[in-house]
Structure formats: structure tokens, C-alpha cells
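Residues per chain are reported as follows:
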Amino acid sequence: VIIDEAAKANLAESLVPMRLADRYILVGDDKQLPPYTDRNMISDFVKQQPEEIEIRADETTALKVMSKSLFELYHERLKGNTDNVVMLNYQYRMHPEIGSFISNVFYDGLVNMGENTVSQYISMQAPYDEPIHFVDTDRRPDNREKRSNQSYYNECEANIISNEILPLVSRSG
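What you see is a predicted model; the values in this text were computed from it and never measured.

Novice: What is the right way to read the pairing of strand β5 (residues 145–148) from this model?
Specialist: The two faces of a sheet get side chains in turn, since along a regular strand they alternate between them. Across four bridges, β5 lies against strand β6 (residues 151–154) in antiparallel orientation. In the strand pairing of β6, Glu 145 is matched with Asn 154. In textbook terms, the turn of a hairpin is the stretch between consecutive antiparallel strands, and for β5 and β6 this stretch comprises two residues, one of which, Asn 149, has a positive phi near 55°.

Novice: Would you explain the packing of helix α1 (residues 11–19) against helix α4 (residues 70–78) in this entry?
Specialist: Axes are the key here: two packed helices are described by the angle between their axes and the distance separating the axes. The geometry of α1 relative to α4 is characterised by a closest axis approach of 8 Å and an angle of 80° between their N-to-C directions. Taken together, the axis directions place α1 and α4 in an arrangement best described as roughly perpendicular. Across the interface between the two elements, Leu 11, Ser 14, Leu 15 and Met 18 from α1 touch Leu 70, Leu 73 and Tyr 74 from α4.

Novice: Help me out: how do you make sense of the pattern of salt bridges in this one?
Specialist: Opposite charge on two side chains permits pairing when their charged atoms draw close. A full pass over the atoms with the stated rule returns four salt bridges. Here Asp 136 and Arg 139 are joined by a salt bridge, their closest N and O atoms 3.6 Å apart. A single burial state applies to Asp 136 and to Arg 139, both of which are exposed. For the salt bridge of Arg 140 with Asp 142, the shortest nitrogen-to-oxygen distance reads 3.7 Å. By relative accessible area, which is 33% here, Arg 140 ends up partly exposed. We classify Asp 142 as partly exposed; its relative accessible area is 25%.

Novice: What am I meant to see in unusual backbone geometry here?
Specialist: Apart from glycine, the bulk of residues carry a negative phi angle, and the bulk of peptide bonds sit in the trans form. Put simply, Ala 126 and Pro 127 share a cis peptide bond, and its omega is 5°. Within the secondary structure, Pro 127 is located in the loop between β4 (112–113) and β5.

Novice: How should I be thinking about the environment of Leu 33 in this particular structure?
Specialist: Inspection of the secondary structure puts Leu 33 in the loop between β2 (25–26) and α2 (39–47). What makes Leu 33 exposed here is its relative accessible area of 57%. In sequence terms Leu 33 and Ser 43 are ten residues apart; their C-alpha atoms lie 22 Å from each other. In contact with Leu 33, not counting residues within four places along its chain, are Ala 7 and Lys 8.

Novice: Explain a nonpolar patch on the surface to me, please; I cannot follow it from the model alone.
Specialist: Together, Phe 101, Val 105, Phe 106 and Phe 134 make up a nonpolar patch on the protein surface, roughly 420 Å² of accessible area in all. Inspection of the secondary structure assignment puts Phe 134 in the loop between β4 and β5. By relative accessible area, which is 62% here, Phe 134 ends up exposed.

Novice: Help me understand the packing of α2 against helix α3 (residues 59–66), please; the structure alone is not making it clear to me.
Specialist: Across the interface, α2 lies against α3 with an axial gap of 9 Å and an inter-helix angle of 130°. It follows from the interaxial angle that α2 and α3 lie oblique. Seen from above, α2 lies across α3 with right-handed handedness. Along its contact with α2, which presents Arg 39, Ile 42, Ser 43 and Val 46, the element α3 presents Glu 59, Ala 62, Leu 63 and Met 66. Class assignment of the residues belonging to the contact of α2 with α3 gives a composition of five nonpolar, one polar and two charged.

Novice: Sorry, what's going on with the nonpolar core here?
Specialist: Looking at soluble globular proteins, one finds that nonpolar side chains tend to be buried together. Counting residues in hydrophobic clusters, the biggest one holds eight residues: Ile 3, Ala 6, Ala 7, Leu 11, Met 18, Leu 26, Leu 70 and Phe 71. Those elements that provide at least two residues to this core are α1 and α4. Not counting chain neighbours up to four residues away, the residues in contact with Leu 11 comprise Val 65, Lys 68, Ser 69, Leu 70 and Leu 73. Formed by five residues, the second largest nonpolar core is a distinct cluster that contains Met 124, Tyr 128, Ile 160 and Leu 168.

Definitions and cut-offs
Residues numbered from 1 in each chain as written. Predicted model: local features only at pLDDT ≥ 70, side-chain atom pairs only at ≥ 80, totals over all residues. Heavy atoms only, no water. Pairing = 2+ DSSP bridges. Helix = DSSP H or I, 4+ residues; strand = E, 2+ residues; numbered from the N terminus. Axes fitted to C-alpha atoms, helices over the stretch in contact; angles between N-to-C directions. Parallel < 35°, antiparallel > 145°, perpendicular 65-115°, else oblique. Contact = heavy atoms within 4.5 Å. Salt bridge = Lys/Arg side-chain N within 4 Å of Asp/Glu carboxyl O. Buried < 20%, exposed > 50% of the residue type's maximum accessible area, 1.4 Å probe, protein only. Patch = residues over 30% accessible without salt bridge, like charges linked within 9 Å, V, L, I, M, F, W, Y side chains within 5 Å. Areas by Shrake-Rupley, 256 points an atom, 1.4 Å probe, with all protein chains shown as cover. Left-handed = near helix turned anticlockwise from the far one by under 90°. Nonpolar A, V, L, I, M, F, W, Y, C, P; charged D, E, K, R; others polar. Core = buried A, V, L, I, M, F, W, Y, C linked by side-chain atoms within 4.5 Å.

Shown next as C-alpha cells:
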């Protein structure tokens, strides 16, 4: 069994297919998205535990356990074991300046840039005329993270993208 995006799969999503296999390969990156965790489901689970259970889960512990993937647990335990862990160390999707930045910040500079990544670029006007541009939103009055149902959003960041960046992307064709 090959499980892709295993780092964002919850335990059951990994364990069930692995139980049916003689061998398995987990492909993922635990430095990216974690497993989706439904806090309401966890809260309901904790409340509905039968009284006769000796060891009861509390909400904090259950959330901590469900927030880690089997991939991440394996990766932590197998660090340095080159027989069982292989890093895919070439990226082909982003401009080398972006790819190198990510490689250095998150992967100790171990991710290399594949061929033709320099062509992964949209030419735009200033201030967005470089492959990497950071926008400081700390002092803007509309910079607040808001919650909508189970999701979070930042209106300030959404406005910058929709009102400043997307029009430039549209014009650059």
C-alpha cells in the first residue's frame, strides 16, 4: 500500500489500509499541513465515554493525539534511519528564490531546485516585482484573525490579495 499525503492523514486513515497490506510506503511532509481535527467530534467523544472505563481521555490529550499523523510519529522515531526514511530533495514547482528560501528555513538547505524552476514566475509591477515579497500587516487596523464556523480567516490579508495582487496577476496575462 502506498499512502500519499500521509502526514495529513489521521491515524485511522493510515492504520486501516496498512492493516490490509504486507508492506507499505508512507509519502508525506510533516512540516506541511497536519491532519484535520474536528474539535466538536473530539469534545463529543470525551463527553460520551462510558463511566466504567478506567483510563478516561480528556479533551486536551485527545486533541493532542488526533493532531499527529502516524507519518509524523514514525518520522520522529526513525530520524537518522536511512534504511527506512528517504527525503525527496528536489522540487520542480516553484521559482528557485522561493524554493531556496523554503529549503533553507524549513529543510536545512537540503531541498534542491529542479530543472526549469526559474520559469515558474509571473512578472508583475512593484512592489510585487520580485519572486519573494513580504507584506507587514501588523500595524494595519483590519489585521485580525476571525473565526467562521470551524475556519479562520484574516480580512486584511484577503483584501491585499484580492485588491492588490490579483489585479496585477490578471494584467500580467
